[in-house]
Every structure is written in structure tokens, then in C-alpha cells.
Amino acid sequence: MRLSKAEQGLAYTALLLFSLVTILPLLLAFFTSMKGDEEFSLQAMRLLPLEWHPGNYVRALEMGDWLTYLKNSVWVTSIALTGSLLFNSIAGFAFARIAFRGNLPIFLTLLAGMMVPAQVIIIPQFLIMKSIPLFGGNDWLGAGGSGWLDSYYALIVPELAGAFGVFMARQFYLQFPKALDEAAYIDGAGYLRLFLRIYVPLSGPLFATLGIFKFVGVWNDFFHPLIYTNSASMRTLQLGLQTFRGEHQVQYNLLMAASLLISVPIIAMFFIFQKQFIRSMVASSVKG
């Protein structure tokens, strides 16, 4: 359906306004990162800096052990991302393509977990992490030590699977015809071979979409590292931003500079996988 020029103009205007609203916080963060320390003591705050200070980015990097924070974030995000794609895709394939007893009830129970906020289950999770047997000084009953707390295990293992990822994988695999499975069965393929040889090569859009969501979620996670870790050597980039928060004031210019720097990987990942991401969203919207 072709749109009239007036309708096209309204559409472009709406998209332009939406783009401005979206990019405005980034512009404000950039302008703030370029301001000098003395500007924050003025009563009247300006949008643009009185003087531009690009050296704030160097100062931000010199405060805190950012190489350690970066190493922790990259390691945790990489392992969590890889494991999440593996486990979520396998579970989604099982729910979508294998007819086993209790398929729907188990899946609905899994979906119910999406309705529970992370803050509600953080205490049980903390106790489980603390009571892991034979780790962190614990005995075989899980007592006497700290278990997985303040370790990579606590940051990675809870992120290896999730109800949202399983749901998205199941919906993706449901769109393929049953004839695809039947042809593989005739050739003697089992479920594992069917998944690895047929569905994994077709899962590029799914992996790109899940990968972006998981990467952003783990990379930007502040809550769980704050609860599960307490040593400086285990801090992630998000916890490293606390370096700029003093007892009585916050160095907003350096905080914004560091925040923009650690946002670069997220923006880069989206631009790399944007075609697969959009393709997956379109396929999901026209299913049925």
C-alpha cells in the first residue's frame, strides 16, 4: 500500500521526533562529560559546557582499576552469552519440536517465572550461592564458608538460562513446518542430529536476537554483581562506576565519560547484528 506525500511526511516527522527523544539522553551525557569540575558548583546549569574538557575521558580511565573491571565484564558476559544461547536454544527446540508428556504444563510453569521480579528471588539465590558444598571453604553440607559468593560462578551460572530466552527460542522453532522433521527422521536422524544439522544452521536470527538481549542484560547488570561480590578484584564495569561517587558529591562529568565509554561495545554489537535482529523481529511478527 502506497502512502500519500502527506502521510509520508507525518511518518518521517514522527520518526524524527522519536529519534530525537531517543538520542537526547546520549547528547546530555556527552555534554556533561565535557564540562569542567567548577561548572557543577554554579547555580544555573547550562546544556553546553562553558569550556570543553575532552581530557575528562583520560581522567576517568585513570581513576580505578578499569582493566580489571573490563576483564571481569568481558569474561562474565562471554561465558554467560555462550551458555545462554546453548541452553535456551536446546530447551526451546525441545518444547517446540518434541511431543513429550507434560510439554505444555512445564512450559507454562516456566513462563510463570517471567512474572517474578529478580529482586523477589535474590535472597533465596544468595543463600543457594552461599551454601554450595565444597566451594569457598564450605564442607560437604554447604556450611562454614562463602560458597560461590565473590566468584565468577555466582555471576555466570544464574545467567546461563532464562524463561524469556526459552520462550523466544520455542516461538522461533515453531514456525518451521513438520515436514522438515519428518524428512530428517526418514533419513535416520535423531533429535540431536536434527537439532545440530538442521535447526542450528537456521538459527542465525534467533542467536543474534537472543545474543543482543543477553549481552545488554549481563553487560549492564549492576544489581547481581553488587549482591554477590565484595572484593575489588571481582568488580565489573558497572560497579566500577561507583568510583566517581564520593561521600558528599558525585563527579558527574567523569561518571558520564566512563558511562559512555562502557556503552561502546553495546552500540557496536547492535550495529554488527542489526540485520539478523530485524529479520528475527519481522519473522516473529508475521508468524501464523
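See the structure above.
I will try to describe carefully the structure that is included in this document.

1. With respect to the overall build of the chain
And step 1. Of the regular secondary structure elements, the chain holds 13 helices and 0 strands.
And step 2. When the elements of the chain are put in sequence order from the N terminus, they spell out α-α-α-α-α-α-α-α-α-α-α-α-α.
And step 3. Seen along its three principal axes, the alpha-carbon backbone of the chain occupies a region of about 75 × 75 × 30 Å.
And step 4. When each of the 288 residues of the chain is scored for burial, the buried share is 35%.
And step 5. For the chain, the proportion of contacts with a sequence separation of at least 24, taken over those separated by at least 6, is 65%.
And step 6. As displayed, the chain has an accessible area near 17700 Å², and 69% of this comes from carbon and sulfur atoms.

2. Comments concerning the packing of helix α7 (residues 163-173) against helix α10 (residues 204-219)
And step 1. Closest axis-to-axis distance for the α7/α10 pair is 10 Å, and the angle between their directions is 165°. Here α10 runs roughly antiparallel to α7, going by the angle between their axes. Pair α7 / α10 crosses with right-handed handedness. Each of Phe-164, Gly-165, Met-168, Ala-169, Phe-172 and Tyr-173 in α7 lies in contact with α10, whose residues at this interface are Pro-205, Leu-206, Thr-209, Leu-210 and Phe-213.
And step 2. Its residues assigned to classes, the contact of α7 with α10 shows 9 nonpolar, 2 polar and no charged.

3. Remarks on a nonpolar patch on the surface
And step 1. A grouping of Leu-16, Leu-17, Leu-20, Ile-23, Leu-24, Leu-26, Leu-27, Leu-28, Phe-30, Leu-47, Leu-48 and Trp-52 is seen on the molecular surface, where their side chains present a nonpolar patch of about 1100 Å² in accessible area.
And step 2. The residue Leu-27 is located in helix α1 (residues 5-33) in this model.
And step 3. Given a relative accessible area of 36%, Leu-27 falls into the partly exposed group.

4. Examining the pattern of salt bridges
And step 1. Taken as a whole and assessed by the stated rule, the structure comprises 3 salt bridges.
And step 2. Note that Asp-181 and Arg-97 form a salt bridge whose closest N and O atoms lie 3.1 Å from each other. Here the residue Asp-181 occupies a position in helix α8 (residues 178-186), and Arg-97 occupies one in helix α3 (residues 66-97), the gap between them amounting to 84 residues. With respect to burial, Asp-181 and Arg-97 carry one shared label: buried.

5. Side note on the nonpolar core
And step 1. With 36 residues, the main nonpolar core has Trp-66, Phe-93, Tyr-173, Tyr-199, Leu-206, Leu-241 and Phe-244 as its most contacted residues.
And step 2. Breaking this core down by element, the ones donating at least two residues are α2 (56-62), α3, α7, α9 (191-199), α10 and α13 (252-285).
And step 3. When residues of this core are assigned to their parent elements, the largest contribution, 8 residues, is made by α13.
And step 4. The residues touching Tyr-199, leaving out its near neighbours within four places in the chain, are Phe-93, Arg-97, Tyr-173, Phe-176, Leu-180, Asp-181 and Leu-194.
And step 5. Core analysis: the second largest hydrophobic core is formed by 14 residues, Ile-122, Leu-149, Leu-155 and Met-234 among them.

6. What about the layout of surface pockets?
The gaps of empty space that remain are located by a probe, the size of a water molecule, rolled over the atoms.
And step 1. If you add up the space inside the largest pocket, you get close to 730 Å³.
And step 2. Along the wall of the largest pocket there are 23 residues; nearest its centre are Glu-159, Ala-161, Gly-162, Ala-163 and Lys-214.
And step 3. Only α3, α7 and α10 provide two or more residues apiece to the lining of the largest pocket.
And step 4. Split into classes, the residues belonging to the lining of the largest pocket amount to 12 nonpolar, 8 polar and 3 charged.

7. Let's talk about unusual backbone geometry
And step 1. Positioned with a positive phi, Leu-134 is a non-glycine residue whose angle comes to about 65°.
And step 2. Inspection of the secondary structure puts Leu-134 in the loop between α5 (122-130) and α6 (152-156).
And step 3. Unlike most non-glycine residues, Asp-150 shows phi in positive territory, near 60°.
And step 4. When you line up the elements, Asp-150 lands in the loop between α5 and α6.
And step 5. With relative accessibility at 24%, the residue Asp-150 sits in the partly exposed group.

8. Focus: the packing of aromatic side chains
And step 1. Here the structure, examined in full by the defined rule, presents 23 aromatic pairs.
And step 2. With centroids separated by 5.9 Å and ring planes inclined at 55°, the aromatic side chains of Phe-30 and Phe-31 adopt a geometry described as tilted.
And step 3. On the accessibility criterion, Phe-30 (31% relative accessible area) is partly exposed.
And step 4. Residue class for Phe-31 comes out buried when judged on its relative accessible area of 16%.
And step 5. Following the ring pairs from residue to residue traces out a cluster consisting of Phe-93, Phe-172, Tyr-173, Phe-176, Phe-195 and Tyr-199.
And step 6. Above the ring of Phe-107, the side-chain terminus of Arg-170 is found at 4.1 Å from the ring centroid.

How each quantity is defined
Residues numbered from 1 in each chain as written. Predicted model: local features only at pLDDT ≥ 70, side-chain atom pairs only at ≥ 80, totals over all residues. Heavy atoms only, no water. Helix = DSSP H or I, 4+ residues; strand = E, 2+ residues; numbered from the N terminus. Buried < 20%, exposed > 50% of the residue type's maximum accessible area, 1.4 Å probe, protein only. Contact = heavy atoms within 4.5 Å. Areas by Shrake-Rupley, 256 points an atom, 1.4 Å probe, with all protein chains shown as cover. Axes fitted to C-alpha atoms, helices over the stretch in contact; angles between N-to-C directions. Parallel < 35°, antiparallel > 145°, perpendicular 65-115°, else oblique. Left-handed = near helix turned anticlockwise from the far one by under 90°. Nonpolar A, V, L, I, M, F, W, Y, C, P; charged D, E, K, R; others polar. Patch = residues over 30% accessible without salt bridge, like charges linked within 9 Å, V, L, I, M, F, W, Y side chains within 5 Å. Salt bridge = Lys/Arg side-chain N within 4 Å of Asp/Glu carboxyl O. Core = buried A, V, L, I, M, F, W, Y, C linked by side-chain atoms within 4.5 Å. 1 Å grid on protein atoms, 1.4 Å probe; cavity = no way out; pocket = protein on both sides within 12 Å on 5 of 7 lines; lining within 4 Å. Points joined across faces, edges and corners; volume = space filled by probe spheres on them. Phe/Tyr/Trp six-rings, centres within 6.5 Å; stacked < 30°, edge-to-face > 60°. Lys NZ or Arg CZ within 6 Å of the ring centre and 35° of its normal.

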